[in-house]
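# Structural characterization, general
If you want the building blocks of each chain, they are given just below.
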Amino acid sequence: MGRVPTLYHEHDTILHRRDPRAKLFVFALLVAFLYIAPTWQWMAALTGIGLCMALVARLSWKWVAGLWLLQVPNILSITAFAASDQLLAGQLPSLSELGFALNIVFAWAAALFVSVSLFSTMRTNEIADGLRGLGVPEVICFTVEYTFLLIYASLNDIFDIADAMRLKGVEMRRRRPIAFLVGIWRLFVPVVITIVRRANTMMAVLQMRGFAAATRRDREIPSKLDVGDAILVGGGLVLVCGALIARFGVTEWQVVRTVFKAALS
Amino acid sequence: MLNVCDFTFRYPGTVTPALSGITFDIEQGEVLGIVGPVGAGKTSLCMALAGFIPQVTGGSSTGELTVCGLDPREVSNEAMAYRVGMVFEDYTAQLTQPTVLSEVMSPLLNRGVSREESEDRARKLLDTVSLTEQVDKRTWELSGGQQQQVAIATTLAMDPDVIIFDSATGMLDPMGTADVRTLINELAGETTLVIAQNDPDMLIGLTDHVLVLSAGESVAFGPPEQVLRDEDLLDQSAITPPVCLRAARALDLFETPLTAAAFEEAVKSSTLSEVDSEQPATDGDRPGETLVRISDVTYQYPDGTTALSNVDLEVRAGGVHAIIGGNGAGKTTLGKLLVGLLEPMSGRISIDGVDTYEQTASELARTIGIALQNPDERLSERTVESEIAFPLHRHQYERTGLLSKRKHYDNSYIDHRVSCVSELVGLEQELHDRDPTLLPRGQRQLVAIAQALSLDPSVLILDEPTVGLDSAARRRVGRTISRLQEMGKAVILIEHDMDFVCDVADTVTVLDDGSVALAGSTRDVFTKHSQETLSEWWLRLPRAGQLASRIGVDALTLDELVSKLTSIPEVS
C-alpha cells in the first residue's frame, strides 16, 4: 500500500484548489509558450515561474530534482555541441552564441516544473473531468483516466511480483545492474500471465458498467471557476501574449484580441 | 428471466466443450445456485448469462440462451448494458477507477445520473458493504477482500435486473460473507440472482434452485432441499455435502437436515446424548521450541497509515498458528514482515533465533517460506519441476570472493528435494513436465507451496491457501499442513475460512485494525466468546461449532461434535 508512485501528491494548497479546467488550460498555454518564446531569457523566466509553482504545490524536491537530473546528459550534450566551435578554437562561447542551446535547456526545465506542478495537484478523475469540461471527446477523457489506472495497477502488480521473486532468490538491487536487469527479465512471464489472465474480465467489466462509447452518457461538469482560477489563467495569457508581442512585434491589442477569441471558442 | 436450453460452448481452439447441453429456467426474482468443483464450468456459465461468452472470450456456442428476454449473443452491447451485473472471482480485474468512491460512482455517471446523486448513492452503497472509511482510498492499494467489496458495491450501483456472484465471497471475511448473504436475501424477489460457489453450504437458505455442474455438464437441477440432500450425486460430482448432512450421516441420524434448525430438531428427536469426555489437551500447549517471535512490532505504510501496532506473537515448532481478522486488518502485511519483504518501524522479529533485520528476504527463505495469496506471482519457469527447483538452484552456490564460490549441495540433492516436497504436498509426478501457469488454480497453489518448502524452512506461512479451491484441493492443503506438523515445522495460516482454521490450527491470533485483539488456543478463542463478540472482530464460529452450539455441545469441528455425541442404546 502506498508504494506505487503516483503523479498526484495530496496537499491542500492554492494550486490544489484550482479548477482542473483552469490548470489544463494553463498547461495548453505552456505548450504554446514553448514554441512562441522569442529568447532563452523568456524560457528562463518561465523556469523561474515553474519553480515558484513547484514551491506553492509543495512538491517533493527529491522527486523534482531527480526528474531534472535525468535531463542533465541532454543538457550537457546540447550545450557542448553548440559551443564546440569556440571550445575547439580555445575560446569560451558567449551567452548569445549559446542562445539556441540555452533556449532548449530552459524549455525542458520550464516544461518539467510547470507541468509537474500542475498535474501533481490533480487526481486522475479530476484530470479527466477537466478534459470533459474543456469539451474534449469522452472517449479521450476515459482513455486518459483508464490509462492512469492501468499504469498504477500494473505497477502494483509488478511490485508484488518482484516481492515474490525476492522470495525465490531473485534479488533486484540497483547496485548490481546486471543482476538487476536479469531480475527484471524474470518478471516478464508472471507479469504477462497476470495481464493476459485479467484481460477478458477487464473487458467484460468495462462493457458491463456502461463504459462502451455507445452507452456512455456525457457527464455534466459543474462550473466552479473562481477568482483564483481567473488569476491563474489570466497570468498564463499575459505571459503568452507578452511572448507573442516580443516575438512577432504585432500590436498589443491585435494579439490580445486573437488570443482571447481562441480562448473563448 | 433466464432461459437456457441445450446450451453448449467451446472456447477458441478447444475440442472439449466447456459447457455441454445445459438446460434450466429461472423466473424473475428467483435465486439460482450453481455448485461444482473447480473446472466444472461455473464461471463459463456465469459469463454466458452475462453476455460475455462468446462476445468477449471468443469461441462457439449452440443452443438457446435468453436473458431478460434477449439472446446476448445476438443483440448489441448497448441492449445488454446494465441488464446484468456480475461480480467476478478476480477482484483486481474489476477495477476501472483510481479511487473507491469514483469506482462506485462510475456506472451511475455513465448512465447520466447527476454527480451529486451519484456520490450520494455511492456513499450509501459503500456503507452497505462496510467500506465507509475507505471512500478516498486508491483502489489498487486495498486488500483483496476490500477490492471485492468495492466490486459488489459497484455492481449494486448498476441496479441491474440480474446479478451474478461468481465465487465472489472467497476473499471476504466471515462478516463480509454474512453481509453478502443478507444482501442476497434483501434483493431476492425483485432481482434475479445467480450464485456460483464451490461450497454448497453457502447456497442453503438462499436459493430457489440449485444447478450442479460437473465437467461442463449439468448433473442435477432442482430445489436445494432435493439436490443438496442427494449425497451420492454430490460425492460423484466431487462436492462436499453440506455440514449438517455430513454431521447427520456421521451420527447415523435418520433425517437429512440441511439447516442448523433442522439438525437441532433431528438430534432432539434422536437417542443421541452428550458423552462425558475429557477435554482435549489444551491445543496451545505444543512442547516445541519457539521458532517465530514477534515482539512489539509496529509498521506504517509509506502514506503514513498504521498497518500494525504493537503486535506480539509466538509460534512453536510443530504448531499451526492461524492469524485471522477482518479484511484490511493487517494479516498479509504481518506475513510480509515475517519473511523480510517489509521492515518493521519498531519492534523485533526473529525466526529460529535470527533477527529478520539481519537478513534479506532471499536469505530468510531458508528458514521461513511463504505461499502468497496469488500463486501466479511467483510462477516464472516453464515446468513444474524447474519451478520447484528454482530456489534450490539460486542458493546452490555462495560467493566467497570476487572469483570464488562455495557449493552447498549438488544437483542430485536438488532432484531429491523436488521429489520430497512434491510428495509432501501431493503433486503427482506426471505434472512435473507441465507448464505450471497452465495448471488449474488448486495445482498452481500446490506448486507455490512446494516451492516455498524446497529450501526446507523451519516455518511455512500460507496466505489464504484455500481461496478458489474445491473440497478435494482443500483436503490436500490440510494434509500437507498435518505432515508439516509431524515433521516438527511451524505453520502460520492466514485465513478467512473459520471451518478450515478450526480443523487445522492449534492457536489463533485475532487482528483488528492492526492490533492484536485476542490470542490463544483455537478452542479458547472460539468457545469463550459469544458470536456477538466474535462478529465485532469480523469473525464467526465454524459451521460445526454453530451446530454444536445449537444443541448445547462444546465442539468446534465435525469430528469433535460426533465424538461428543453417542446413541443411547434402546432398552427392550
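What you are looking at is a predicted structure, and each value in this text was computed from that prediction instead of being measured.

Further remarks concern the overall build of chain B. A count of helices and strands for chain B gives 21 helices and 23 strands. Against the 2.2 N^0.38 benchmark of 25 Å for 572 residues, chain B shows a C-alpha radius of gyration of 25 Å, consistent with a compact globule. Seen along its three principal axes, the alpha-carbon backbone of chain B occupies a region of about 75 × 70 × 50 Å. For chain B, the proportion of its 572 residues judged to be buried stands at 59%. Restricting to contacts in chain B with at least 6 residues of sequence separation, those with at least 24 account for 65%. Total accessible area computed for chain B in this model is approximately 22,400 Å², and 45% of it derives from carbon and sulfur atoms. Where the 46 positive side-chain charges of chain B centre and where its 86 negative ones centre are 6 Å apart.

All names here are of chain B. Checked against the element boundaries, Lys405 lands in strand β18 (residues 405-407). Along the primary structure Lys405 and Gly347 are separated by 58 residues, whereas in three dimensions their C-alpha atoms are 35 Å apart. Beyond its immediate sequence surroundings of up to four residues, Lys405 is in contact with Tyr397, Glu398, Arg399 and Thr400.

Right, let's talk about the sheet that holds strand β22 (residues 515-521) of chain B for a bit. Residues and elements named next belong to chain B. Taking strand neighbours across the sheet as the criterion, the 6 strands line up as β16-β19-β20-β13-β21-β22 in an open arrangement whose pairing is mixed. Of all the strands in the sheet, just β16 (368-371) and β22 have a single pairing partner and so form its edges. Taken over all neighbouring pairs, the strand axes of this sheet differ in orientation by 15° on average, direction set aside. Where strand β13 (residues 320-325) and strand β21 (residues 507-512) come together, 5 bridges link them in parallel fashion. Residue pairing across strands places Ile324 opposite Val510, the latter belonging to β21.

What follows covers unusual backbone geometry. Residues and elements named next belong to chain B. Geometrically, the link from Ile53 to Pro54 is a cis peptide bond, its omega value of 0° lying close to zero. The residue Pro54 is located in the loop between α1 (42-50) and β4 (60-67) in this model. The phi torsion at Ser130 lies on the positive side, around 60°, for a residue other than glycine. With respect to the helices and strands, Ser130 occurs in the loop between α4 (115-128) and α5 (144-158). Note on Ser130: relative accessible area 31%, which makes it partly exposed. Of note, the phi angle at Ala238 is positive, near 60°, even though the residue is not glycine.

Once that is clear, we can look at the environment of A:Ala22. Residue and element names in this part refer to chain A. With respect to the helices and strands, the residue Ala22 is situated in helix α1 (residues 20-36). For Ala22, a relative accessible area of 3% gives the class buried. The spatial distance from the C-alpha of Ala22 to the C-alpha of Lys62 is 27 Å, given a sequence separation of 40 residues.

A few words on a positive patch on the surface. A surface patch of positive charge is lined by A:Arg173, A:Arg175, A:Arg176, B:Arg394, B:Arg399 and B:Lys405. Checked against the element boundaries, B:Arg394 lands in helix α13 (residues 384-394).

Residue and element names in this part refer to chain B. Domain annotation of chain B identifies domain 1 (2-239), domain 2 (242-274 + 544-572) and domain 3 (286-367 + 460-468 + 489-541). Distance between the C-alpha centres of domain 2 and domain 3: 33 Å. Opposite the 7 residues of domain 2 that make contact, domain 3 presents 8 residues. Across the domain 2 to domain 3 interface the summed buried area is about 650 Å²; carbon plus sulfur atoms make up 56%. Glu560 is paired through a salt bridge with Arg523; the nearest N and O atoms lie 2.0 Å apart. Linking domain 2 with domain 3 are 3 residue pairs in polar contact (both at pLDDT 80 or more), by the criterion used here. Counting residues per element, the side of domain 2 that touches domain 3 draws most heavily on helix α20 (residues 543-550), at 3 residues. When the residues that make up the side of domain 2 that touches domain 3 are grouped by side-chain class, the tally is 1 nonpolar, 4 polar and 2 charged.

Okay, the interface of chain A and chain B next. Tallying the contact residues gives 53 residues for chain A and 65 residues for chain B. Around 5,500 Å² of area is buried between chain A and chain B when both sides are counted, 58% of it from carbon and sulfur atoms. The interface formed by chain A and chain B contains 7 salt bridges. For A:Arg197, the salt bridge is made with B:Asp376, and the minimal N-O distance between the two is 3.4 Å. Between chain A and chain B we count 13 residue pairs in polar contact (both at pLDDT 80 or more) in total. Secondary-structure elements contributing two or more residues to the side of chain A that touches chain B are α7 (124-133), α8 (138-168) and α9 (177-208) of chain A. Here the side of chain A that touches chain B takes 15 residues from α9(A), the largest share from any one element. Taken together, the residues that form the side of chain A that touches chain B break down as 25 nonpolar, 11 polar and 17 charged.

Rules behind the numbers
Residues numbered from 1 in each chain as written. Chains lettered and ligands numbered in written order. Predicted model: local features only at pLDDT ≥ 70, side-chain atom pairs only at ≥ 80, totals over all residues. Heavy atoms only, no water. Helix = DSSP H or I, 4+ residues; strand = E, 2+ residues; numbered from the N terminus. Rg over C-alpha atoms; globule rule 2.2 N^0.38 Å. Buried < 20%, exposed > 50% of the residue type's maximum accessible area, 1.4 Å probe, protein only. Contact = heavy atoms within 4.5 Å. Areas by Shrake-Rupley, 256 points an atom, 1.4 Å probe, with all protein chains shown as cover. Lys, Arg positive; Asp, Glu negative; His and termini not counted. Charge placed at Lys NZ, Arg CZ, Asp CG, Glu CD. Pairing = 2+ DSSP bridges. Axes fitted to C-alpha atoms, helices over the stretch in contact; angles between N-to-C directions. Patch = residues over 30% accessible without salt bridge, like charges linked within 9 Å, V, L, I, M, F, W, Y side chains within 5 Å. Salt bridge = Lys/Arg side-chain N within 4 Å of Asp/Glu carboxyl O. Domains from an automatic or database assignment. Buried area = accessible area lost by both parts, 1.4 Å probe. Polar contact = N/O pair within 3.5 Å; in protein donor to acceptor, adjacent residues only side chain to side chain. Nonpolar A, V, L, I, M, F, W, Y, C, P; charged D, E, K, R; others polar.

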